Amino acid sequence: MSSNSFQLAVMPGDGIGQEVMEAAVAVLDAVEARHDFSFSKSYVSGGSRQYKETGVAMTEDAFEAAEKADAILFGAMGLPDIRHPDGTEPAPQLDLRFRMGLYAGLRPIRAIPGVPLALASPRAREIDFALVRESTEGLFASRGKGTVEDDTVAKDTMVITRGVTERVSRFSFDLAKRRSERRNRKGVVTLVDKSNAFLSFAFMRKVFFEVAGRQADVEARQHSIDAMALDLIRKPWEFDVLLTENMFGDILSDLGAGLVGGMGFAPSADIGDEHALFQPCHGSAPDIAGKGIANPVAMILSAAMMLDWLAVRHGSSRLSEAAEEIETAIDAAFGAGAVKSFDIGGQDGTSAIARAVIEKIKNP
Ligand SMILES: NC(=O)c1ccc[n+]([C@@H]2O[C@H](COP(=O)([O-])OP(=O)(O)OC[C@H]3O[C@@H](n4cnc5c(N)ncnc54)[C@H](O)[C@@H]3O)[C@@H](O)[C@H]2O)c1
């Protein structure tokens, strides 16, 4: 592909994944029409419904299509009632992370104008931090490998490696540097761990500070996970980039989403050295699927993150401008009260929100 033309693997998946993907693709089409880049989209099927029908959640061909693409846009996969015989759910999104080495799970948490916040403090409007969840090891290294002995003891083992910790630390410092350029203040990366109690976390902390020692422009700090659970409620506006082990990041990112309006407003990216996948933090939401009321903002913002990642990778200012256009359009649509989604007590469904965002893109 030329530097202006990109191949996207589009995986809507299950439940509302299908609905929010349609909205995000419409928004992408709108920015594409205004710029000199283009996307060629291949739709790739997969998920729990497919597992139920065929016995395979994602085929080898589908994995290969994802690996070949310049970027992957992912809706959501999984349905609580469809499970493997051992009680776990098929989760191709986790398989993709491990298979493609997508070690950096980036979850920006930002207060969007007009969207009600969980905290009463006026400072909650300043919330703008980015959580980096290591996504290929930690406690999740044990996924599919845990043991139950004699129906009396269950064991899952946490794994922290030097190589991945170094890479995800460097990713976090680079991110803080880029954020500081945009926000005109020094970046700070805070490692969130439990190094006072566990050897694995003490090792992660040691490696993190070794990498930090080579970063002149960004400050490195450490915070215990329990204290962070407190401080993300007490003063979340004070944080910049948070780096966590996989399981802690899984939990804190939902807490973060809760601070800024809920899962419908929480985008994410799973980034490796060669590949990246962009998806909302939420799942397939079977309780609201098929009703047209899912909030597509998390999916649309994930598509904007994809543009930003492609922009850095391919040195394209047009792509980063397009990412900003999407964010600005969402802020304008919600900030001006042009739309209010169901999850925050409004009456605007998935397609109405997509239309409002597209309108703001066309007429900023
Ligand atoms: N990355 C993924 O694909 C992913 C992530 C999480 C959960 N899952 C799967 O999704 C299924 C449902 O999981 P769950 O119910 O725990 O989590 P969920 O995120 O699907 O839903 C949690 C709650 O948030 C609401 N919600 C989520 N997204 C919303 C949106 N865009 N707009 C409005 N409301 C929204 C839902 O209605 C529900 O009440 C499970 O099978 C789970 O394994 C998949």
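Preceding this paragraph is the structure being described.
Residues numbered from 1 in each chain as written. Predicted model: local features only at pLDDT ≥ 70, side-chain atom pairs only at ≥ 80, totals over all residues. Heavy atoms only, no water.

S.K.: Quick one: what's the story with the packing of aromatic side chains, residue by residue and with numbers?
M.R.: What the rule picks out here adds up to eight aromatic pairs. Both rings, one in F208 and one in F209, keep their centres 5.0 Å apart while their planes meet at 80°; by these two values the pair is edge-to-face. Take F208: its relative accessible area is 0%, and that puts it in the buried class. Of the residues examined, F209 reaches a relative accessible area of 33% and is grouped as partly exposed. (Phe/Tyr/Trp six-rings, centres within 6.5 Å; stacked < 30°, edge-to-face > 60°. Buried < 20%, exposed > 50% of the residue type's maximum accessible area, 1.4 Å probe, protein only.)

S.K.: Hey, could you go over helix 3 (residues 60–68) for me, with residue numbers and the actual values?
M.R.: Every buried residue of helix 3 is accounted for by A62, F63 and A66. Each buried residue of helix 3 sits inside an arc of 100° when the element is viewed along its axis, so together they form one side. Residues of helix 3 that are exposed and point over 90 degrees away from its buried face: D61 and K68. Contact partners of the buried residues in helix 3: strand 1 (5–13), strand 3 (71–76) and helix 4 (92–99). (Helix = DSSP H or I, 4+ residues; strand = E, 2+ residues; numbered from the N terminus. Arc of directions from axis to C-beta. Contact = heavy atoms within 4.5 Å.)

S.K.: Outline the pattern of salt bridges, listing residues and values.
M.R.: With the rule as written, the count across this model stands at 29 salt bridges. For R110, the salt bridge identified is with E327, shortest N-O distance 3.9 Å. Of this pair, R110 sits in strand 4 (residues 104–110) while E327 sits in helix 10 (residues 317–335), and the two are 217 residues apart along the sequence. For the salt bridge of E149 with K155, the shortest nitrogen-to-oxygen distance reads 3.4 Å. K155 gets classed as partly exposed once you look at its relative accessible area, which sits at 44%. (Salt bridge = Lys/Arg side-chain N within 4 Å of Asp/Glu carboxyl O.)

S.K.: Any details on the side chain of E245? Residues and values, ideally.
M.R.: The residue E245 is located in the loop between strand 10 (241–244) and helix 8 (246–259) in this model. Comment: no salt bridge for buried E245; closest opposite-charge side chain is R133, at 7.6 Å. Within the local environment of E245, its side chain forms a polar contact with the backbone nitrogen of M247, the two atoms lying 3.0 Å apart. Ignoring any residue separated from it by four or fewer positions in sequence, one finds E245 in contact with R133, E134, G138, L139, M158, I160, V192, F201 and M204. (Lys, Arg positive; Asp, Glu negative; His and termini not counted. Polar contact = N/O pair within 3.5 Å; in protein donor to acceptor, adjacent residues only side chain to side chain.)

S.K.: I'd love a proper account of helix 6 (residues 199–212), names of residues and values included.
M.R.: Residues spaced three or four apart along an α-helix point in a common direction, a consequence of the helix completing one turn every 3.6 residues. Over its 14 residues, helix 6 extends 20 Å from the first C-alpha to the last, a length consistent with the 20 Å expected when each residue adds 1.5 Å. In the core, the buried residues of helix 6 are packed alongside helix 5 (162–183), strand 8 (187–193), strand 9 (218–224), strand 10 and helix 8. (Expected span 1.5 Å × (residues − 1).)

S.K.: Any chance you could break down the site of the ligand for me, citing the residues and the numbers?
M.R.: Around the ligand, a shell composed of 23 residues is seen, among which M77, E89, G283, A285 and D287 lie nearest. Between the ligand and M77 there is a distance of 2.9 Å, counted from an oxygen atom to a backbone nitrogen or oxygen. When the ligand sits alone it has 800 Å² of accessible area, and the protein chains cover 70% of it. Looking at the shell around the ligand, its residues break down into 12 nonpolar, eight polar and three charged. (Near = heavy atom within 4 Å. Areas by Shrake-Rupley, 256 points an atom, 1.4 Å probe, with all protein chains shown as cover. Nonpolar A, V, L, I, M, F, W, Y, C, P; charged D, E, K, R; others polar.)

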